[in-house]
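Residue strings, one per chain:
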Amino acid sequence: MKGQYLAVEWIFFFAIGITLVMMIFSLFSTMGLSYRETTVEIQLGKAGEMVRNGIINTFKSSETGNRTMLNISIPTRLSGCIYTIEVSQKLRLRCVDNPELEVVLDLYGINTNSENIIYSTRGFIQIRGTNGRVDLL
């Protein structure tokens, strides 16, 4: 029994090492997911501001009665997330992978309509303004 304490000691240290590696991996993956969610929300807000600015500019130029068309390039993915753009009373951007990640922006009472949900994979949005009405295509 004299020589067995080394084998038990090595097994014990190996088990502690494996446990530490698993705990560190778990910690970093949890932190990574948290940072990704925060980053996606910030990026959705910035992309939403870009679309909203296009809507406002199109609305201002279409108030004179002229028909205005604006094409805006949008990122196809934000931190690996494909997102949708919807318009009902407000502008809503939502991550497809995690629908809880969304940003809702006010359109300041601008009459805005969208026929379908717009997916970011297109890479652009067409904004058409006619007589004070704005359509997202």
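Above this text you will find the structure in question.
For the structure given in this document, a descriptive report is provided here. (Residues numbered from 1 in each chain as written. Predicted model: local features only at pLDDT ≥ 70, side-chain atom pairs only at ≥ 80, totals over all residues. Heavy atoms only, no water.)

1. Description of the nonpolar core
Residues Ile-55, Tyr-83, Ile-85, Leu-91 and Ile-125 are the most contacted members of the largest nonpolar core, which totals 27 residues. Among the elements of the structure, α1 (4-62), β2 (83-87), β3 (90-95), β4 (102-106), β7 (124-130) and β8 (133-136) are those that each provide at least two residues to this core. For this core, the leading source of residues is α1, giving 7 residues. Residue contacts for Leu-91: discarding those within four places in its chain leaves Gly-48, Val-51, Arg-52, Ile-85, Glu-86, Val-103, Val-104, Leu-105 and Leu-107. (Core = buried A, V, L, I, M, F, W, Y, C linked by side-chain atoms within 4.5 Å. Buried < 20%, exposed > 50% of the residue type's maximum accessible area, 1.4 Å probe, protein only. Helix = DSSP H or I, 4+ residues; strand = E, 2+ residues; numbered from the N terminus. Contact = heavy atoms within 4.5 Å.)

2. As for the pattern of salt bridges
Taken as a whole, this structure holds 7 salt bridges when the rule is applied. Between Arg-133 and Asp-135 there is a salt bridge whose closest N-O contact spans 3.2 Å. For Arg-133, a relative accessible area of 34% puts it in the partly exposed group. Bridged by salt links that share partners, the residues Glu-86, Arg-92, Arg-94 and Glu-102 form one connected network. (Salt bridge = Lys/Arg side-chain N within 4 Å of Asp/Glu carboxyl O.)

3. Remarks on the pairing of β4
Covered by surrounding structure in β4 are Val-103 and Leu-105 only, the residues Glu-102, Val-104 and Asp-106 on the alternate face being uncovered. In the sheet, β3 pairs with β4 via 5 bridges, with the strands oriented antiparallel. Following the sheet pairing, Leu-91 is matched in β4 by Leu-105. Taking the residues that link successive antiparallel strands as the turn, the β3-β4 hairpin has 6 residues. (Pairing = 2+ DSSP bridges.)

4. Section: the sheet that holds β8
Across a sheet, paired strands are connected by hydrogen bonds in the backbone, their directions being either parallel or antiparallel. Spatially, 4 strands are ordered β1-β7-β8-β5 in an open sheet, and the strand pairing comes out mixed. Each edge of the sheet is formed by a strand with only one pairing partner; in this case those strands are β1 (68-73) and β5 (111-114). Recorded for the sheet is a direction-independent mean angle of 20 degrees between the axes of neighbouring strands. Bridge count between β7 and β8: 4 bridges; the pairing is antiparallel. Paired with Gly-129 across the strands is Val-134, a residue of β8. (Axes fitted to C-alpha atoms, helices over the stretch in contact; angles between N-to-C directions.)

5. Overview of the sheet that holds strand β6 (residues 118-119)
The 4 strands are arranged β4-β3-β2-β6 in an open sheet whose pairing can be described as antiparallel. Two strands close off the open sheet at either side, each with one partner strand: β4 and β6. On top of the sheet, α1 reaches β2, β3 and β4; it is set at about 30 degrees to β4, its chief contact.

6. Quick notes on the packing of aromatic side chains
Under the defined criterion, the tally for this structure stands at 1 aromatic pair. Over the ring of Phe-124 we find Arg-122; its NZ or CZ atom is 4.9 Å from the centre of that ring. (Phe/Tyr/Trp six-rings, centres within 6.5 Å; stacked < 30°, edge-to-face > 60°. Lys NZ or Arg CZ within 6 Å of the ring centre and 35° of its normal.)

7. Comments concerning the environment of Lys-90
Mapped onto the elements of the fold, Lys-90 is located in strand β3. What makes Lys-90 partly exposed here is its relative accessible area of 40%. Remark: the alpha-carbon pair of Lys-90 and Tyr-108, spanning 18 residues in sequence, is separated by 8.5 Å. Every residue in contact with Lys-90, bar those within four places of it in the chain, is listed here: Val-104, Leu-105, Asp-106 and Leu-107.

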